[in-house]
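# Structure at a glance
Next come the chains, spelled out residue by residue.
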Amino acid sequence: MPFANFKVPEAALTRAQKEEIVHRTTAMLVDYFSEAARPHTMVLIEEIKDGGYARADTVFVIPEEYRAKE
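Residues numbered from 1 in each chain as written. Predicted model: local features only at pLDDT ≥ 70, side-chain atom pairs only at ≥ 80, totals over all residues. Heavy atoms only, no water.

## Details of the pairing of strand β1 (residues 3-9)
Here β1 pairs with strand β2 (residues 42-48) via seven bridges, running parallel. Counterpart to Ala-4 in the pairing with β2 is Val-43. With helix α1 (residues 15-33) bridging β1 and the parallel β2, this β-α-β connection has right-handed handedness. (Pairing = 2+ DSSP bridges. Helix = DSSP H or I, 4+ residues; strand = E, 2+ residues; numbered from the N terminus. Right-handed = clockwise from strand over helix to strand, strands pointing away.)

Shown next, in the form of structure tokens:
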């Protein structure tokens, strides 16, 4: 079963953007594994709360202007 896991900042994507990621990721995996993989493909989008991720000792908080507007 193909499995893709995306971790994104909380509120960074709209519902429509998440759905697009799911559809495009599924299509990509079907291109690699054949149409037989479609019903078994899992795409997980995890939203990480502000302050829950960091790089090089810098804790990130998503700026308001980058938050998704539904």
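## Thoughts on the environment of Lys-49
Following the sequence through the fold, Lys-49 ends up in the loop between β2 and β3 (54-55). Under the relative-accessibility criterion, Lys-49 is labelled exposed at 55%. Along the chain, Lys-49 and Ile-62 lie 13 residues apart, while their C-alpha atoms are 9.2 Å from each other. Among the polar contacts made by the side chain of Lys-49, one reaches the side chain of Glu-10 at a distance of 3.4 Å. (Buried < 20%, exposed > 50% of the residue type's maximum accessible area, 1.4 Å probe, protein only. Polar contact = N/O pair within 3.5 Å; in protein donor to acceptor, adjacent residues only side chain to side chain.)

## Some remarks on unusual backbone geometry
One non-glycine residue, Ser-34, adopts positive backbone phi at about 95°. Relative to the helices and strands, Ser-34 resides in the loop between α1 and β2.

## Observations concerning the packing of aromatic side chains
Enumeration over the complete set of coordinates arrives at one aromatic pair. Between Tyr-53 and Phe-60, the aromatic rings sit 5.9 Å apart at their centres with planes inclined by 20°, giving stacked as the arrangement. (Phe/Tyr/Trp six-rings, centres within 6.5 Å; stacked < 30°, edge-to-face > 60°.)

## Observations concerning the confidence of the model for the protein chain
Should the pLDDT be low somewhere, the predicted coordinates at that spot are not to be read in detail. Taken over all residues, the pLDDT of the protein chain has a mean of 93, while the share at 70 or more is 100%. Of all helices and strands in the protein chain, the one with the weakest mean pLDDT is β3 (86), whereas α1 scores best (97). (pLDDT = per-residue confidence, 0-100.)

## Some details on the pattern of salt bridges
Following the criterion strictly, the structure yields eight salt bridges and no others. The partner of Lys-7 in a salt bridge is Glu-46, and the shortest N-O contact between them spans 2.6 Å. Here Glu-46 lies in strand β2 and Lys-7 lies in strand β1, a separation of 39 residues in the sequence. The shortest N-O distance in the salt bridge between Asp-50 and Arg-67 comes to 2.5 Å. With Asp-50 in the loop between β2 and β3 and Arg-67 in the segment after β4 (58-59), this residue pair connects regions lying 17 residues apart in the sequence. By relative accessible area, Asp-50 is classed as partly exposed at 31%. (Salt bridge = Lys/Arg side-chain N within 4 Å of Asp/Glu carboxyl O.)

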